[in-house]
Amino acid sequence: MSSSSSLIQGISISVSDDDEASGEVRVRVRRKRNRHPVSARRRFLRRAARWGAPFLLAFLAVSLFTYEYYRLSPFYASSSPSPPPPRAAGNLSRATRAADGARKSCLKMLDPEMLQTLELRETPEQNLPVKKVVYRSSLSHLEDNISSNMTNSRFNSFTGYQTLTEREESFKPKEITTVHCGFYSENGGFRVSDVDEDYMKSCRVVVATCAFGGGDDLHQPIGMTEVSVKKVCYVAFWDEVTCSAQQEEGNKIGDDRMIGHWRIILVRDLPFTDQRLNGKIPKLISHRLFPMARYSICVDSKSQFRRDPLGVIEALLWRSNSSLALSEHGARSSLYDEGKAIVKKHKATPEEVKIQLDQYRQDGIPDDKRLNGKKALAEASVIVRDHAPLTNLFMCLWFNEVVRFTSRDQLSFPYVLRRLRLPGVHLFPVCARKDLVNSFGHRRKVKPLAKDGR
């Protein structure tokens, strides 16, 4: 039976064929479901969930931008304390940094006005065991030539042939002490012209550097007063290889033998095939080159000297009543740790470092990291010294150790210092060394050691 239905405002009317025939209509009422009205709280939560998340993200982004803006602004930087500088930034102590991180000078120099009137002092007379140092030579010690082949091959006619017995006796200073100290034979090498020799004899205060084998550029000194320019000799020792290399770069020696402030002295017949050993001659035994000088400052060829020399001597020697001044080592404190670092960096062979350190252990040198309250290890890129007899003896012994063992002078310095017990040694902090020089680094990388054929 077919049927049809229609819905009018919730009332359902069903009509069938039979109903139409009988004229009856059945009406069935369907109740409409009552829907509860949505509360305002629910509507708010729904809208908040829909629109709140984007607003929250935007707020966080604006907040972060505002924070970074004010953190980097000058006002914030001036009103908030700066964090301490990292240790790698020059290894400076807190006292050498300003509040904004700028580096302060830790080398206290005299005012420029006082430097202009600074007079050179005589080397003070001290009650020291050594009054005079006599240097061994082939003329006065002919017997040394007999055992010329009994020591290692680094000794030659320039150094003389120091025996182990002579080495041991040299550490027992007497009023008149005889010692090997280079320039042993007239045929030993390191020869200069008569004109240059006369010039070196005229110097009373010297700033010296050297470059052999064409290694480094010549850096002009800065920061000196007019008085120092007149009183101080600035001397650079070159060989022919360095001279040719510098001339190719436009650094030509003038008719007055000068390049800028430097007096260039050409050296012939270098005594060692290892250029590092040749460089130790002006560095460690400058008193043999400048016999009339009272003070000298030796600067590594990679560095530019940037202070007044007389002011440096006053600050590092006179003020502290010292005879020798050089920098503490920046990285290590023990000579035995330094030996390991030298081998690791391929600056000497493991065999020769072992021979040197074994000898030092046998001689009773402890593995101490402090000596007289300072680091037991020094860095000798700048050496400030007087030319008193005991200081000269110390430098001769240091040079002999460098020749006998490795050319790394920082290994032998603490040994000689402990054995000789030189008074008045000033180990100044690393930051003072950085005030003295600008370091540019060596032009060439370290090469394998050359074997001396002498």
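## Concerning the overall build of the protein chain
Line of reasoning, step 1. Within the protein chain one finds 16 helices and 17 strands.
Line of reasoning, step 2. The buried share of the protein chain, reckoned over its 454 residues, is 46%.
Line of reasoning, step 3. At a minimum sequence separation of 6, the contacts of the protein chain that also span at least 24 residues come to 81%.
Line of reasoning, step 4. Total accessible area on the protein chain stands at roughly 25,900 Å², and carbon and sulfur atoms take up 53% of it.

## Here we look at the sheet that holds strand β15 (residues 378–386)
Backbone hydrogen bonds hold the strands of a sheet together, and the pairing may be parallel or antiparallel.
Line of reasoning, step 1. Read across the sheet, 8 strands follow the order β8-β9-β7-β6-β10-β15-β12-β16 without closing on themselves; strand pairing throughout is mixed. Of all strands in the sheet, those with a lone pairing partner are β8 (258–259) and β16 (425–428), marking the two edges.
Line of reasoning, step 2. Relative to strand β9 (residues 262–266), β8 runs antiparallel, the two sharing 2 bridges. Across the sheet, I259 pairs through a bridge with W262, a residue of β9.
Line of reasoning, step 3. Along the sheet, helix α9 (residues 275–284) makes contact with β6 (205–211), β7 (232–238), β10 (295–299) and β15, crossing β15 at roughly 35°.
Line of reasoning, step 4. Helix α14 (residues 389–404) rests against β12 (324–328) and β15 of the sheet, and its axis sits at about 150° to β15.

## Thoughts on the packing of aromatic side chains
Line of reasoning, step 1. The tally for this structure, following the rule as stated, stands at 15 aromatic pairs.
Line of reasoning, step 2. Judged by centre distance (6.1 Å) and plane angle (50°), the rings of F190 and F237 are tilted. Separated by 47 residues along the polypeptide, F190 in the loop between β5 (176–179) and α6 (194–201) and F237 in strand β7 bring together distant segments of the chain.
Line of reasoning, step 3. Take F237: its relative accessible area is 0%, and that puts it in the buried class.
Line of reasoning, step 4. The ring of Y199 has R263 sitting right over it, with the charged end atom 4.3 Å from the ring centre.

## Let's talk about a nonpolar patch on the surface
Line of reasoning, step 1. A cluster of nonpolar side chains, namely L56, L57, F59 and L60, defines an oily patch on the protein surface of about 450 Å² accessible area.
Line of reasoning, step 2. Relative to the helices and strands, L57 resides in helix α2 (residues 40–72).
Line of reasoning, step 3. A relative accessible area of 60% places L57 in the exposed class.

## Thoughts on the state of the cysteines
Line of reasoning, step 1. For the coordinates displayed, the defined rule picks out 3 disulfides.
Line of reasoning, step 2. Note on cysteine connectivity: C203 is disulfide-linked to C233, with sulfurs 2.3 Å apart. In this structure the cystine formed by C203 and C233 twists about its S-S bond by roughly -100°; its chirality is therefore left-handed. Taken as a pair, C203 in the loop between α6 and β6 and C233 in strand β7 lie far apart in primary sequence, 30 residues in all.
Line of reasoning, step 3. The exposure class assigned to C233 is buried, which follows from its relative accessible area of 8%.
Line of reasoning, step 4. Indicated for the protein chain is the disulfide connectivity 1-6, 2-5, 3-4, based on numbering the bonded cysteines in sequence order.
Line of reasoning, step 5. Here C210 stays free of any disulfide, with the sulfur of C298 as its closest cysteine sulfur at 6.3 Å.

## A word on the nonpolar core
Line of reasoning, step 1. Counting 66 residues, the largest nonpolar core has F190, F237, F290, F394, W398 and F413 as its most contacted members.
Line of reasoning, step 2. No other element matches α14, which puts 10 residues into this core.
Line of reasoning, step 3. Apart from the residues lying within four places of it in its own chain, the contact partners of F394 are L324, F413, V416, L417, L420 and L422.
Line of reasoning, step 4. Judged by nonpolar contacts, the second largest core, of 37 residues, contains A211, I264, L436 and V437.

## Quick word on the environment of P429
Line of reasoning, step 1. Positionally, P429 belongs in the loop between β16 and α16 (430–436).
Line of reasoning, step 2. Its relative accessible area of 37% is what places P429 among the partly exposed residues.
Line of reasoning, step 3. Sequence separation between P429 and G330 is 99 residues, and the spatial gap between their C-alpha atoms is 8.4 Å.

## Some thoughts on unusual backbone geometry
Line of reasoning, step 1. Although it is not a glycine, F190 sits at a positive phi angle of roughly 55°.
Line of reasoning, step 2. On the basis of relative accessibility, which here comes to 4%, the residue F190 falls in the buried class.
Line of reasoning, step 3. Backbone geometry at N321 places phi at a positive 55°, although glycine is not the residue there.
Line of reasoning, step 4. With respect to the element layout, N321 can be found in the loop between α11 (309–318) and β12.
Line of reasoning, step 5. Judged by relative accessible area, which is 55%, N321 ranks as exposed.

## Re the pairing of β12
Line of reasoning, step 1. With 5 of its 5 residues buried, β12 lies for the most part within the structure.
Line of reasoning, step 2. Bridging between β12 and β15 involves 5 bridges; their strand directions are antiparallel. If you follow E328 over to β15, its bridge partner there is A378.

## With respect to the packing of helix α13 (residues 350–362) against helix α15 (residues 409–420)
Line of reasoning, step 1. Remark: α13 packs on α15, axes separated minimally by 12 Å, with the N-to-C direction vectors making an angle of 10°. Between α13 and α15, the angle falls in the class roughly parallel. Two secondary-structure elements touch here, α13 through Q356, L357 and Y360 and α15 through L411, S412 and Y415.
Line of reasoning, step 2. For the contact of α13 with α15, the per-class residue count stands at 4 nonpolar, 2 polar and no charged.

## Looking at the side chain of S303
Line of reasoning, step 1. As for its position among the elements, S303 is in strand β11 (residues 303–305).
Line of reasoning, step 2. Taking the relative accessible area as the measure of exposure, S303 reaches 7% and is therefore buried.
Line of reasoning, step 3. Residues in contact with S303, not counting those within four places in the same chain, are H219, V437, N438 and S439.

## Some points on the pattern of salt bridges
Line of reasoning, step 1. Taken as a whole, this structure holds 20 salt bridges when the rule is applied.
Line of reasoning, step 2. Ionic pairing is found between R191 and D269, a salt bridge with its closest N-O pair at 2.4 Å. Of this pair, R191 sits in the loop between β5 and α6 while D269 sits in the loop between β9 and α9, placing them 78 residues apart in sequence.
Line of reasoning, step 3. Given a relative accessible area of 40%, R191 falls into the partly exposed group.
Line of reasoning, step 4. Residue D269 is classed as partly exposed on the basis of its relative accessible area of 41%.
Line of reasoning, step 5. One salt bridge in this structure joins K201 and E197, with 3.9 Å as the shortest N-O distance. In this pair, K201 and E197 both sit in helix α6, 4 residues apart, roughly one turn of the helix.
Line of reasoning, step 6. You can call K201 partly exposed: its relative accessible area is 40%.
Line of reasoning, step 7. Here the salt bridges do not stand alone but share partners, grouping R167, D363 and E401 into one network.

What counts, and at which threshold
Residues numbered from 1 in each chain as written. Predicted model: local features only at pLDDT ≥ 70, side-chain atom pairs only at ≥ 80, totals over all residues. Heavy atoms only, no water. Helix = DSSP H or I, 4+ residues; strand = E, 2+ residues; numbered from the N terminus. Buried < 20%, exposed > 50% of the residue type's maximum accessible area, 1.4 Å probe, protein only. Contact = heavy atoms within 4.5 Å. Areas by Shrake-Rupley, 256 points an atom, 1.4 Å probe, with all protein chains shown as cover. Pairing = 2+ DSSP bridges. Axes fitted to C-alpha atoms, helices over the stretch in contact; angles between N-to-C directions. Phe/Tyr/Trp six-rings, centres within 6.5 Å; stacked < 30°, edge-to-face > 60°. Lys NZ or Arg CZ within 6 Å of the ring centre and 35° of its normal. Patch = residues over 30% accessible without salt bridge, like charges linked within 9 Å, V, L, I, M, F, W, Y side chains within 5 Å. Salt bridge = Lys/Arg side-chain N within 4 Å of Asp/Glu carboxyl O. Disulfide = S-S within 2.5 Å. Core = buried A, V, L, I, M, F, W, Y, C linked by side-chain atoms within 4.5 Å. Parallel < 35°, antiparallel > 145°, perpendicular 65-115°, else oblique. Nonpolar A, V, L, I, M, F, W, Y, C, P; charged D, E, K, R; others polar.

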